[in-house]
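Chain by chain, the residues run as shown.
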Amino acid sequence: MTTTVAHGPARPTAIPAEADRNRAPGLLDGALHADLTPEGCDLGYWFRAVPEGTLAGDPMGRTPDVTVPEHMLCEGPLRQAVMQELAFRSMAEEKAARAISYLVAHAPDLSGMDFYTTQLMDEARHAYAFRGHLLELGVETAGLEATMEDLAGADRDAVLAPLEEFGLDVLRDQRDYVGGVITLTVLVEGVLAPTAELSERKWRPFDPAAAEIERAAGIDEIRHLSVGTTIVRRHLEQHPEDRKRIGDLIARGVELWSRLPVRELTLRRERLYQQGLEQHRDIAGDYEVWPGRRLADTTAEERMATAAEWAENTQRARLADMGLAP
């Protein structure tokens, strides 16, 4: 007689739609509507869904036949804008990966440990992919770190360092698992995700390789936001007495955001992008950056305002799903 021994959860037979690069929703739609759990997004899910579905075998998260256009290899405002953006994004993802190691360490259950192990890998891959595109844009490997420092070192120190200090106080010093999930889901990814969505859209006509890299990262972020929301919602259902403490943490984080020079940083990059847009209107053509609005007709201020509105809507929806609606 043959005995079958089960070694873990049943292996899925197909790539889940939310992880499939061809079927996954956009980051904004997914962030607002996806409902995922840490048990459903475990290690088995990740090893099948992400390498095969989201990345399709490419660690950069894009199709190999999508090349970097010639105009992105020539010095100019478009190239500078994408390089500044990707250098900053890579630094942000690196800091996120390092911070998430504390969520792995302090997770109270195996499902949380497994999930945040996968998210750590996601964030490290994002940092790798953004650095990789800088190399594709002509940055020399030997000078990559120095170039990134020149491009985004000051912005990292002004924006990312204070956020990191805030997060490490919660994660490392206080060993506050749920507070760390809140910090990551609401105060970091919940705010930055809409900016990433705009980035994917605005680079698609000019640098389709960068847009594909952003698309793959965005698919991961849908999962991160949704599972983080589930973890917090469950915690508050089980520990309603923790609601005030969590609310105070969010208020402190929002106050920190209000003091950071994020608007100045974003406006500087969007104005640089605007110069490139003016130079290459023929490439933008009739491409719509959102329904009914041609990219060529937008301004730096309009794109910023739209991304800010997306961020507010996303954050409000996540808080409501957690049971923390004001």
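Residues numbered from 1 in each chain as written. Predicted model: local features only at pLDDT ≥ 70, side-chain atom pairs only at ≥ 80, totals over all residues. Heavy atoms only, no water.

Chemist: If you had to explain the overall build of the chain to someone new, which residues and values would you point to?
Modeler: Scanning the chain from N- to C-terminus turns up 11 helices and 2 strands. Ordered by position in the sequence, the α and β elements of the chain form the string α-α-α-α-α-α-α-α-α-α-β-β-α. By the compact-globule yardstick of 20 Å for 326 residues, the chain fits well, its C-alpha radius of gyration being 20 Å. Seen through its principal axes, the chain has C-alpha atoms that stretch 65 × 55 × 45 Å. Here the chain holds 326 residues, and the buried ones make up 55% of them. Treating the 36 positive side-chain charges of the chain as one cloud and the 55 negative ones as another, the clouds have centres 2 Å apart. (Helix = DSSP H or I, 4+ residues; strand = E, 2+ residues; numbered from the N terminus. Rg over C-alpha atoms; globule rule 2.2 N^0.38 Å. Buried < 20%, exposed > 50% of the residue type's maximum accessible area, 1.4 Å probe, protein only. Lys, Arg positive; Asp, Glu negative; His and termini not counted. Charge placed at Lys NZ, Arg CZ, Asp CG, Glu CD.)

Chemist: Just give me the short version of the nonpolar core, but keep the residues and values in it.
Modeler: The tendency in soluble globular proteins is for nonpolar side chains to be buried side by side. Y116, I182, W203, F206 and L324 are the most contacted members of the largest nonpolar core, which totals 77 residues. Of all the elements, helix α3 (residues 77-106) adds the most residues to this core, at 12 residues. I182 has contacts with L187, V232, I246, L249, I250, M322 and L324, leaving out every residue within four places of it along the chain. Ranked by size, the runner-up nonpolar core spans 7 residues in total, among them L27, A34, A193 and A196. (Core = buried A, V, L, I, M, F, W, Y, C linked by side-chain atoms within 4.5 Å. Contact = heavy atoms within 4.5 Å.)

Chemist: With reference to specific residues and values, describe α3.
Modeler: For α3, built from 30 residues, the straight-helix expectation of 44 Å at 1.5 Å per residue is met to within 8% by its first-to-last C-alpha distance of 44 Å. Within α3, 21 of the 30 residues are buried, which leaves the element mostly enclosed by the surrounding structure. (Expected span 1.5 Å × (residues − 1).)

Chemist: Outline the environment of D242, listing residues and values.
Modeler: Positionally, D242 belongs in the loop between α7 (208-238) and α8 (243-259). D242 gets classed as buried once you look at its relative accessible area, which sits at 11%. Taking C-alpha positions, D242 is 16 Å from P108, a pair spaced 134 residues apart along the chain. One polar contact links D242 to H235, side chain to side chain, over a distance of 2.7 Å. (Polar contact = N/O pair within 3.5 Å; in protein donor to acceptor, adjacent residues only side chain to side chain.)

Chemist: Tell me what's going on with the packing of helix α2 (residues 43-54) against α7, and back it up with residues and numbers.
Modeler: At their nearest, the axes of α2 and α7 sit 11 Å apart, and the two run at 155° to each other. Regarding the angle of α2 to α7, the classification is roughly antiparallel. The way α2 lies across α7 gives a crossing that is right-handed. Between α2 and α7, the residues in contact are Y45, W46, V50 and T54 and A216, I219, D220 and R223, respectively. Its residues placed into classes, the contact of α2 with α7 shows 5 nonpolar, 1 polar and 2 charged. (Axes fitted to C-alpha atoms, helices over the stretch in contact; angles between N-to-C directions. Parallel < 35°, antiparallel > 145°, perpendicular 65-115°, else oblique. Left-handed = near helix turned anticlockwise from the far one by under 90°. Nonpolar A, V, L, I, M, F, W, Y, C, P; charged D, E, K, R; others polar.)

Chemist: Which residues make up the layout of surface pockets, and what values do they have?
Modeler: In this structure, the second largest pocket spans a volume of roughly 220 Å³. Contributions of two or more residues to the lining of the second largest pocket are made by α4 (110-136), α6 (177-203) and α7. At 4 residues, α7 tops the list of elements feeding residues into the lining of the second largest pocket. Partitioning the lining of the second largest pocket into residue classes produces 5 nonpolar, 5 polar and 3 charged. (1 Å grid on protein atoms, 1.4 Å probe; cavity = no way out; pocket = protein on both sides within 12 Å on 5 of 7 lines; lining within 4 Å. Points joined across faces, edges and corners; volume = space filled by probe spheres on them.)

Chemist: Talk me through the packing of helix α9 (residues 262-279) against helix α11 (residues 300-322); I want residue IDs and the actual numbers.
Modeler: Packing of α9 against α11 leaves a shortest axis separation of 8 Å and a crossing angle of 130°. Our classification of the angle between α9 and α11 gives oblique. As for the relative orientation of α9 and α11, their crossing is right-handed in sense. Listed contacts from α11 to R263, T266, L267, E270, R271, Y273, Q274 and L277 of α9 are A300, E301, R303 and M304.

Chemist: Break down the environment of G61 for me, with residues and values.
Modeler: Inspection of the secondary structure puts G61 in the loop between α2 and α3. The buried category is assigned to G61, whose relative accessible area is 3%. Excluding its chain neighbours within four sequence positions, the residues that come into contact with G61 are R21, L55, R125, E212, I213 and A216.

Chemist: Explain empty space enclosed by the protein to me, and be specific about the residues and the numbers.
Modeler: Under the criterion given, the structure shown has 1 cavity of 30 Å³ or more. Approximately 80 Å³ is the volume attributed to the largest cavity. E85, T195, L198, S199, K202, T266, R269, E270, R303, M304 and A307 are the residues that line the largest cavity. Here the lining of the largest cavity is built from residues that sort into 3 nonpolar, 3 polar and 5 charged.

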